[in-house]
Structures are given as C-alpha cells and as structure tokens.
Amino acid sequence: MGYRIVVVGATGNVGREMLNILAERQFPVEEIAVLASRRSLGTEVTFGETTLKTQDLATFDFTGWDMALFAVGSAATKEFAPKAAAAGCVVIDNSSLYRYDPDIPLIVPEVNPEAVHGYKNKNIIANPNCSTAQMVVALKPLHDRAKIKRVVVSTYQSVSGGGKEAMEELWEQTKAVYNPTKDVPPTKFTKEIAFNVIPHIDVFLDDGSTKEEWKMVAETKKIIDTSIKVTATCVRVPVFVGHSESVNIETEEFLDEDEARDILREAPGIMVIDKREDGGYVTPKECVGDFATFISRLRQDSTVENGLNLWCVSDNLRKGAALNAVQIAELLGREVLKKG
Ligand code: 2RA
C-alpha cells in the first residue's frame, strides 16, 4: 500500500526535482497526478521510468488524495492550497505564503521533525526558503551543543532559485558576451548576471534589507530557536545550481573547531569535506544532484570569545526545495498517515 500523491507545478524547476526525488528515494506511491497551470497543460514530465501528462490545476479534484506537494508561486498557492487542504489532502507548500503563519509548521526534517503534528491545524505544512534550509541543518547540531547567540551569513545563490527563465537569462547573456552583435538585457534580474554578482534577491524592505534576507532571519527563529539573532546579506551569483553560504557563528559556550567538525560529521543530512589543502572543500558545481548539505572551511573565529566560521553548500533545488518537501512527505507518512 502506498500514497496517492499530487505534484502541483510539475513542469517547473522544483516540480521536476520533486518527481525525480520521489522516484529516487522509492517513495511509496500508489498513484501520482501531476498538475500545471493552463499555460503548461499537456506538457509531459517523467517520474522514474514513466511519462506523465500534466492535468489542469484549476479543475483538479483533490478529494481522496493523501498529499499534495505544491511548487507554484504564492498567488496560485493562495487559490488552490486551501481547496486541497479542505478536501482532506495534506499540502506541503514550497512557496513563502504560509511560512510565517504561527498555526502552520515550517519544517526541516533533520531539525524540527516534532513540528509535523502541527499539520492538523490547517492541513498544511510549509517548506522553508532554500537559503534557510541548508543553513539550519548545519546550525542545529551546533546549537544543541553550545547554544548559538548570533549568526552572520552571506549567501552566494545560484540563478536556478529564480526559476527556469532566470537560468535561461544567465545562459543567453553568457553566450552574448562572446557575440557582440547580440544584446540580452536583464529581465529576470535587475542587472546583468553573466560575469557579475547582484546583492539583491526579492524585494527591498523599509530597513534596507531584502525579503530574502528577512526570510533567513524569521525562518531560522521559527525552525530552531527564537533567541538566535541572524543578520544576512543575500547575493545572486552566475552559477546555475547550488547555493553557497559563508556563515559566522557566535555561541554562548566555547566550541572547539575539532569538536564542531566531529558534531557535524555525525549530524543528519550533513557531509563534512574539510581538508586544509588545495581543493579540500566543496563548491556548488560539485553538490548538484546530491542530497547532502556540505560543510567545508570550518575554523575558529578568534575575533570573538566563542566564534566559528564555516562554508556551507547545497543543491538549492534539492535540499533547498524539492528534497526537503519529499522528506516532509516521508516524515508525515512515517509519523502520522502510516500507509507506506
Ligand atoms: C532564490 N530564495 O534563490 C529563492 C528560491 N526559493 O531566489
């Protein structure tokens, strides 16, 4: 016996990865439906060895389906997730719409699996933002040992976080650099992304930060501990897939770098690759297609009493989105629905 699963937004970057990961992890699927907006209707997607035709989200009846993995924007989520939830189908939502609702759990299974029972409130579980997901996997085991007081993070986020058109823009602009007759003006980004970096993701807020930076602050508090102070600078870089983060951590208790490395080696979802030699660290290109969050460059920060620095890299379409959503589905199945 397995689950009746719906993937909403199946033709997008994240929706396709959801299907790949459900198949790769042999999620117990009894039946699967793939939905898309009218624009992509009829497009075929693959699930393991099978090819599936997308159905219309606008007319789909969610009654009798166990879980729906939503990977569409907030507007479509707002319209259709409540309908799915009301029909008795548990929604696992990748948009930012429900993340900050106190009645809706925001879950990273390695970090706060106990929150899954909160799904009952609205039949909805929220998936965190990509940049938060990989960071909290690394922070939680260190917090459990030495209590984190403050985090200073700078991100280096790949263009796939902005969707397929953003990837296309990087590709076309990169080619145009070698073809002066062709001009590819920015449309998905505010400035040219090829051979450049842009310190701006999502909209600006009144205090001068961006919404992407605010998300890292608010989500870390909700997932791990409201007492952790986070300050973030989020930057888009000309990388197709894989987000990187430079993370500075200040703890209440002293934590030696070797002990921190050992803790992270044992932690779920983490792979430590940290040799102090040329190439002894992970770059985003190497993490693509992997499930792990990679930690490198772990070292003491001697400018504060109890400080650590680390480099954290993960496939943003996987741990930052689709993998985390599938892990939530696995958790919900294991702990609550128990049909698998
Ligand atoms: C980005 N945070 O990288 C987004 C994706 N969720 O733009």
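See the structure above.
The structure contained in this document is the topic of the report that follows. Source: prediction; values computed, not measured.

Calculation rules
Residues numbered from 1 in each chain as written. Predicted model: local features only at pLDDT ≥ 70, side-chain atom pairs only at ≥ 80, totals over all residues. Helix = DSSP H or I, 4+ residues; strand = E, 2+ residues; numbered from the N terminus. Expected span 1.5 Å × (residues − 1). Buried ≥ 20, exposed ≤ 12 C-beta atoms within 10 Å, placed from the backbone. Contact = placed C-beta atoms within 7 Å. Pairing = 2+ DSSP bridges. Axes fitted to C-alpha atoms, helices over the stretch in contact; angles between N-to-C directions. Near = placed C-beta within 6 Å. Nonpolar A, V, L, I, M, F, W, Y, C, P; charged D, E, K, R; others polar. Parallel < 35°, antiparallel > 145°, perpendicular 65-115°, else oblique. Left-handed = near helix turned anticlockwise from the far one by under 90°.

**Quick word on helix 1 (residues 13-24)**
Reasoning step 1: Between the first and last C-alpha of helix 1 there are 17 Å, a value that for twelve residues agrees with the 16 Å anticipated at 1.5 Å per step.
Reasoning step 2: Of all twelve residues in helix 1, ten are buried, a share of seventy percent or more.
Reasoning step 3: All buried positions along helix 1 are accounted for by Asn-13, Val-14, Gly-15, Arg-16, Glu-17, Met-18, Leu-19, Asn-20, Ile-21 and Leu-22.
Reasoning step 4: Here the buried face of helix 1 lies against strand 1 (3-8), strand 2 (29-36), strand 3 (44-47), strand 6 (67-70), helix 4 (164-177) and helix 8 (318-337).

**Observations regarding the sheet that holds strand 2**
Reasoning step 1: Strands sit in the order 5-2-1-6-7-8 across an open sheet of six strands; the sheet is parallel. The sheet is open, and its two edges are formed by strand 5 (55-56) and strand 8 (124-126), each paired on a single side.
Reasoning step 2: For strand 1 and strand 6, the ladder comprises four bridges, and the chain directions are parallel. In the sheet register, Val-8 faces strand 6, and the bridge partner there is Phe-70.
Reasoning step 3: Together, strand 1, strand 2 and strand 6 form the strand contacts of helix 1, whose direction differs from that of strand 1 by roughly 155 degrees.

**A short note on the site of the ligand**
Reasoning step 1: Residues in close proximity to the ligand include Asn-129, Cys-130, Ser-131, Gln-157, Gly-161, Gly-162, Ile-201 and Glu-212, which together make up its full environment.
Reasoning step 2: Here the shell around the ligand is composed, by residue class, of two nonpolar, five polar and one charged.

**Topic: the pairing of strand 11 (residues 243-251)**
Reasoning step 1: One ladder, built from eight bridges, connects strand 9 (residues 148-157) with strand 11; its direction is antiparallel. Bridge pairing in strand 11 links Arg-150 to Glu-250.
Reasoning step 2: The pairing of strand 11 with strand 14 (residues 307-314) spans eight bridges and is classified as antiparallel. Within strand 14, the residue paired with His-243 across the bridge is Ser-314.

**Comments concerning the packing of helix 1 against helix 8**
Helix-helix packing is characterised by the crossing angle of the two axes and by the distance between the axes.
Reasoning step 1: At a closest axis distance of 9 Å, the pairing of helix 1 and helix 8 adopts a crossing angle of 50 degrees. The angle between helix 1 and helix 8 falls in the class oblique. Judged by the sense of rotation from one axis to the other, the crossing of helix 1 with helix 8 is right-handed. Residues Val-14, Glu-17, Met-18, Ile-21 and Leu-22 of helix 1 lie in contact with helix 8, whose contacting residues are Arg-318, Ala-321, Ala-322, Leu-323, Ala-325 and Val-326.
Reasoning step 2: Class assignment of the residues belonging to the contact of helix 1 with helix 8 gives a composition of nine nonpolar, no polar and two charged.

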